[in-house]
Amino acid sequence: VQADDGRLVAAIELVGPANKDRPESRAAFAAKCAGYLMSGVSVVIVDVVTSRLANLHHELLQLLDAPRASDLPAEAFQYAVSYRPVARGEHAEVELWPFACAVGQPLPTVPMHLIQDIFVPIELEATYMEACRSRRLIPDD
């Protein structure tokens, strides 16, 4: 998502199996997301990959040296997390909203920060269902 002046303010990263298959791939994904956040760009990560058990959210938090209290449970390998970079005085922090996901359960609606105090809801389940309908993977209602 871009602001009126053309600068990037938010990004959605969909995790694929290749992002989780090797330590180098996981590190590169975490570094890309950390780069967004350090540049003031909000990020939503959606990881519903079931064939690999790495947790890229944990990798990102480790890279950012974020407190462990902001972790998802260790067994949460499918998740969506919204990250918002904030400056508190001279100290940069990241606020986050984690959502564990599970096979067979609806995907969450995740807040995406745009600018100032403006958030938009990212309705992952509705988006997923529409994509399935448009690809004719499920019948229209």
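We now turn to the structure provided with this report.

Quick notes on helix H3 (residues 56-64)
Consideration 1: When we look at burial in H3, the residues that qualify are Leu56, His57, His58, Leu60 and Leu61.
Consideration 2: For H3, the elements touching its buried residues are helix H1 (17-20), helix H2 (23-38), strand E2 (42-47), strand E3 (79-88) and strand E4 (91-100).

Comments concerning the pattern of salt bridges
Consideration 1: Under the definition given, this model contains eleven salt bridges.
Consideration 2: With a closest N to O distance of 3.3 Å, Glu24 and Arg22 form a salt bridge.
Consideration 3: Residue Arg22 is classed as partly exposed on the basis of its relative accessible area of 43%.
Consideration 4: The residue Asp117 makes a salt bridge to Arg84 at a minimum N-O spacing of 3.4 Å. Of this pair, Asp117 sits in the loop between strand E5 (109-113) and strand E6 (119-123) while Arg84 sits in strand E3, and the two are 33 residues apart along the sequence.
Consideration 5: For Arg84, a relative accessible area of 15% puts it in the buried group.
Consideration 6: Each of Arg84, Arg88, Glu93, Glu95 and Asp117 takes part in a single network of salt bridges with overlapping partners.

Some details on the nonpolar core
Consideration 1: Of all hydrophobic cores here, the largest spans 18 residues; its most connected members are Ile45, Leu60 and Tyr83.
Consideration 2: Of all the secondary structure elements, the ones that give two or more residues to this core are H2, E2, H3 and E3.
Consideration 3: Ranked by residues supplied to this core, first place goes to H2 with five residues.
Consideration 4: Grouped together as the second largest cluster of nonpolar side chains are twelve residues, Val44, Cys101, Leu107 and Val110 included.

Conventions adopted
- Residues numbered from 1 in each chain as written.
- Predicted model: local features only at pLDDT ≥ 70, side-chain atom pairs only at ≥ 80, totals over all residues.
- Heavy atoms only, no water.
- Buried < 20%, exposed > 50% of the residue type's maximum accessible area, 1.4 Å probe, protein only.
- Helix = DSSP H or I, 4+ residues; strand = E, 2+ residues; numbered from the N terminus.
- Contact = heavy atoms within 4.5 Å.
- Salt bridge = Lys/Arg side-chain N within 4 Å of Asp/Glu carboxyl O.
- Core = buried A, V, L, I, M, F, W, Y, C linked by side-chain atoms within 4.5 Å.

Everything listed here is a matter of coordinates, which is why it stays silent on function.
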